[in-house]
Amino acid sequence: MKNFIKMTLATLTGLLLFGIIVTFIMGGIIGAASMLGKKQAVMPESAVLTMDMSTILLTEQTKEADPLTALQGNGMEISSLGIYDAIHAINTAAADPAVKFIYMKPDGAMGGMAQIEELRTALVHFRESGKAIVSYIENPTNAGYYLASVSDKIYMTSLDGGMNMLCGASSQMIFLKDLLDKIGVNVQLIRHGKYKSAGEMFIRNNPSKENLEQNKAMVTSIWANWAGAIAESRDLTVNEFNSMLNNLELNFPEDFVANGLADELVTREELNQKLSTLYGTASVDDVKSISLQDYASIKNPFTFDAKGKVAVIYVDGDIVDGKDVQQVAGDRFAKIISKVRKDTTIKAAVLRVNSPGGSVLASEKIKTELALLQERMPVVASYGNYAASGGYWISAGCDKIYTNATTLTGSIGVFSMIPDFSGTLEKKLHVNITSVNSNAHGDMYDMMRPLTDSEAAYMQASVEKIYDKFTGLVAEGREMPVARVDEIAQGRVWTGSEAININLADQIGTIEDAITWAAMSIDGVSSVDQVKIVAYPKPLTSLDLILQSLEGTNDQNILADTPFESVGEAFGNWNASESGKVYARMPYEYIIR
């Protein structure tokens, strides 16, 4: 017995020492990664604010770099920059006498459509302050040129070999029925809404008339907003600009100059001389600069004498059940919102929604807590790339809704989906399954047989009840008759500019506009500078990212950069245990570059 106790204590001591050693090693790794990825930014007395968009990933919140990625040394120096931090930095620079002008290299712009739109809005305000914006383009893209078009001067490389990808907006729909038929899979889709196309990819080999109609309308609306802004900035009509694209008139850099989309072709040396002249010095070596990322890090808003706090609650990702830390988990977010409600120093809240929806149950949990929050303070919604299905469910009752013109919203409809693999097993794999049930429908959700008519009707009744709940809460939140909501619902996805016209949103505006509205709703506040902005939830730290990498929880879309990327984003969280669950979710993640 004594030997056993000795061995046990020795083992426990060894494990404790091992844990301490591992902790020190992990701390060293994190510290080393931080040293590799970070350095303290210093603001020169006079500087050019530089924006190399190939190094900036526009996100909802600024996030720390994954330290393991930094240690891998892959040569990529891409910083995650939250859209509000980016906007605030540009607005601050407009009033900062130390910032002379902005130099932007828009090639490779990364971010969602709405985030790109909000960044461009901030650039418009910067230019209106009287300071210049100069852009230099080598490989034009839709997003890159949309940003560059706001500039006072657009220069392009005089070198051959660049590639023009400014061609207009496009999105792809994927249909898998023929493939599923070959392997014997029968997907049983129960839904309400003729436009509710989530799951349609599994039961058809081409789009329904309604699905094609709404996708065409969405892409057309998105491009109308971008093309309109571009044409106005370059003193063209939209028809003239679209004609250039339709007739493939923009093949070479000189074509951009000839058609008024660029001001001059320059070498790198000629560009440097122009930047030096604008800065007020003879040599580019005397031009001091600071990146947007670094400027944002040293110009974070901080109020010492705040008259209250404005909470910004970031609903960023799929709405899922449980407490997942990477998605909008119902239980976790309900707890976060409850915490905001109980904090007496918080006087108003912004619900920043960037979600295509997901679980109805999780959406209801979040919606319930938001209703309690609204009883204590004003709550305004700000829409990012998506605020659809479950994303719209939770936000329809907010006191005011700001949307971007390119936001995809609405999708007021629900669906449920049960695949039947019996054909695959019996006819393809020659495996026979026999179910043994205690009750008539014990194997209803096992995916080993098709639903009976009564079971399909049973599930349809659940879908119909939830659809009625959805249209009812929208009718209450937007002060519309249920019949009118049903007309514009049916699962149809709308862009933000369309949503304004049908009363699903109130006003085109950025996250900054929403924060300003929330701040001004607080008694005694006359400027957003008088409040403190607090964000919920807090972004994951370097340690969080390391632990997730080690645990294998940092999921990646294995279909990224393929034609199926949008399908992978939409259904990446779906698994067999979700069979039969009712969803309020968009059909795809729409990727328009």
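Everything numeric here is computed off the predicted structure, so don't read it as measured data.

Rules and cut-offs
Residues numbered from 1 in each chain as written. Predicted model: local features only at pLDDT ≥ 70, side-chain atom pairs only at ≥ 80, totals over all residues. Heavy atoms only, no water. Pairing = 2+ DSSP bridges. Helix = DSSP H or I, 4+ residues; strand = E, 2+ residues; numbered from the N terminus. Axes fitted to C-alpha atoms, helices over the stretch in contact; angles between N-to-C directions. Contact = heavy atoms within 4.5 Å. Buried < 20%, exposed > 50% of the residue type's maximum accessible area, 1.4 Å probe, protein only. Parallel < 35°, antiparallel > 145°, perpendicular 65-115°, else oblique. Left-handed = near helix turned anticlockwise from the far one by under 90°. Nonpolar A, V, L, I, M, F, W, Y, C, P; charged D, E, K, R; others polar. Salt bridge = Lys/Arg side-chain N within 4 Å of Asp/Glu carboxyl O. Patch = residues over 30% accessible without salt bridge, like charges linked within 9 Å, V, L, I, M, F, W, Y side chains within 5 Å. Areas by Shrake-Rupley, 256 points an atom, 1.4 Å probe, with all protein chains shown as cover. Phe/Tyr/Trp six-rings, centres within 6.5 Å; stacked < 30°, edge-to-face > 60°. Lys NZ or Arg CZ within 6 Å of the ring centre and 35° of its normal. Expected span 1.5 Å × (residues − 1).

Chemist: It is not clear to me how the sheet that holds strand E1 (residues 47-52) should be interpreted in this structure. Could you clarify?
Modeler: The strands making up a sheet are joined through hydrogen bonds of the backbone, oriented either antiparallel or parallel. In spatial order, the strands read E8-E6-E5-E4-E1-E9; together these six strands make up an open sheet with parallel pairing. The open sheet is flanked by strand E8 (264-266) and strand E9 (289-291), the only strands paired with a single partner. Taken over all neighbouring pairs, the strand axes of this sheet differ in orientation by 30° on average, direction set aside. Contacts between helix H4 (residues 113-128) and the sheet are confined to E1, strand E4 (99-105) and strand E5 (133-137), with E4 contributing the most and set at about 145° to the helix. Lying on the sheet, helix H11 (residues 268-279) is in contact with E1, E4, E5, strand E6 (153-157) and E8; it crosses E4 at an angle near 160°.

Chemist: Sorry, what's going on with unusual backbone geometry here?
Modeler: Cis rather than trans, the peptide bond between Tyr-536 and Pro-537 has omega equal to -15°. Positioned with a positive phi, His-430 is a non-glycine residue whose angle comes to about 60°. If you trace the backbone, His-430 turns up in the loop between helix H16 (422-428) and helix H17 (453-478). Phi at Glu-479 is positive, roughly 55°, even though this residue is not glycine. Tracing the sequence through the fold places Glu-479 in the loop between H17 and helix H18 (482-488). Here Glu-479 falls in the exposed class, since its relative accessible area comes to 73%.

Chemist: I'm lost on the side chain of Ser-149 in this one. Help?
Modeler: Within the secondary structure layout, Ser-149 lies in the loop between helix H5 (142-148) and E6. A relative accessible area of 0% places Ser-149 in the buried class. The contact partners of Ser-149, leaving out residues within four places of it in the chain, are Arg-120, Ile-154, Ile-230, Ser-233 and Arg-234.

Chemist: Is there a simple way to think about the pairing of strand E10 (residues 309-316) in this case?
Modeler: Remember that side chains alternate between the two faces of the sheet whenever the strand is regular. For E10, a buried count of six out of eight residues is recorded, marking the element as mostly surrounded by other parts of the structure. When E10 meets strand E21 (residues 532-536), the two strands line up parallel, connected through five bridges. Considered in E21, the bridge of Ala-311 is made with Val-534. For E10 and strand E13 (residues 346-355), the ladder comprises eight bridges, and the chain directions are parallel. For Val-310, the partnering residue across the bridge sits in E13 and is Ala-348.

Chemist: Teacher, can you tell me more about the side chain of Lys-400 here?
Modeler: If you trace the backbone, Lys-400 turns up in strand E16 (residues 400-403). Lys-400 has contacts with Val-379, Val-380, Ala-381, Asp-506, Gln-507 and Trp-517, leaving out every residue within four places of it along the chain.

Chemist: Any chance you could explain the packing of H4 against helix H8 (residues 209-233) here in plain terms?
Modeler: To characterise two packed helices, one gives the angle between the axes of the helices and the distance between these axes. Where H4 meets H8, the axes come as close as 12 Å, and the angle between the chain directions of the two elements is 25°. Looking at the two axes, H4 sits roughly parallel to H8. As for the relative orientation of H4 and H8, their crossing is left-handed in sense. Along the contact surface, H4 presents Met-113, Ile-116 and Arg-120, while H8 presents Ile-222, Trp-226, Ala-229, Ile-230 and Ser-233.

Chemist: Just to check I follow, could you spell out the environment of Met-156 for this structure?
Modeler: Along the chain, Met-156 turns up in strand E6. Overall, Met-156 belongs to the buried group, its relative accessible area being 1%. Separated by 19 residues in sequence, Met-156 and Ile-137 place their C-alpha atoms 4.8 Å apart. Apart from residues no more than four positions distant in its own chain, Met-156 is found in contact with Tyr-136, Ile-137, Pro-140, Pro-253, Phe-256, Ala-262, Glu-264, Leu-265 and Val-266.

Chemist: What exactly am I supposed to notice about the packing of H8 against helix H9 (residues 238-246) here?
Modeler: Their axes nearest at 9 Å, the elements H8 and H9 cross at an angle of 105°. Between H8 and H9, the angle is such that the two are roughly perpendicular. Note on element contacts: H9 touches H8 through Val-238, Phe-241, Asn-242 and Leu-245, opposite Trp-223, Ala-227, Gly-228, Ile-230 and Ala-231. A breakdown of the residues in the contact of H8 with H9 according to their chemical character gives seven nonpolar, two polar and no charged.

Chemist: Before we go on, may I ask you to explain the pattern of salt bridges in this structure?
Modeler: Two side chains with opposite charge may pair up if their charged atoms get near one another. Across all of its chains, the model carries 18 salt bridges by this definition. Two residues, Asp-331 and Lys-365, come together in a salt bridge whose shortest N-O distance is 2.7 Å. Separated by 34 residues along the polypeptide, Asp-331 in helix H13 (residues 330-342) and Lys-365 in helix H14 (residues 360-376) bring together distant segments of the chain. Among the ionic contacts, a cluster of salt bridges with common partners joins Glu-60, Glu-118 and Arg-352.

Chemist: Would you mind showing me how to read a nonpolar patch on the surface here?
Modeler: A contiguous nonpolar patch, built from Leu-429, Val-431 and Ile-433 and spanning about 250 Å² of accessible area, is present on the exposed surface. A relative accessible area of 42% means that Ile-433 is categorised as partly exposed.

Chemist: Mind showing me how you'd approach the packing of aromatic side chains here?
Modeler: The description of an aromatic ring pair uses the distance of the two centres, along with the angle that the planes make with each other. For the structure shown, the criterion picks out six aromatic pairs. Between Trp-223 and Phe-241, the aromatic rings sit 6.1 Å apart at their centres with planes inclined by 25°, giving stacked as the arrangement. Here Trp-223 is found in helix H8, whereas its partner Phe-241 is found in helix H9, with 18 residues between them in sequence. Accessibility assignment for this pair places Trp-223 and Phe-241 in one class, buried. Over the ring of Tyr-402 we find Lys-400; its NZ or CZ atom is 5.3 Å from the centre of that ring. Against the face of Tyr-195 rests Arg-492, its NZ or CZ located 5.1 Å from the ring centre.

Chemist: Just checking my understanding: could you explain H17 for this structure?
Modeler: Its 26 residues place the ends of H17 37 Å apart at the C-alpha level, agreeing with the 38 Å of an ideal helix rising 1.5 Å per residue. Looking only at H17, the buried set comprises Glu-455, Met-459, Val-463, Ile-466, Tyr-467, Phe-470, Thr-471, Leu-473, Val-474, Ala-475 and Arg-478.

Chemist: Can you walk me through the environment of Asn-300 in this structure?
Modeler: Looking at the secondary structure, you find Asn-300 in the loop between helix H12 (292-298) and E10. When the C-alpha atoms of Asn-300 and Thr-92 are compared, they prove to be 9.6 Å apart, with 208 residues separating the residues in sequence. Excluding residues that lie within four positions of it along the chain, Asn-300 makes contacts with Asp-85 and His-88.

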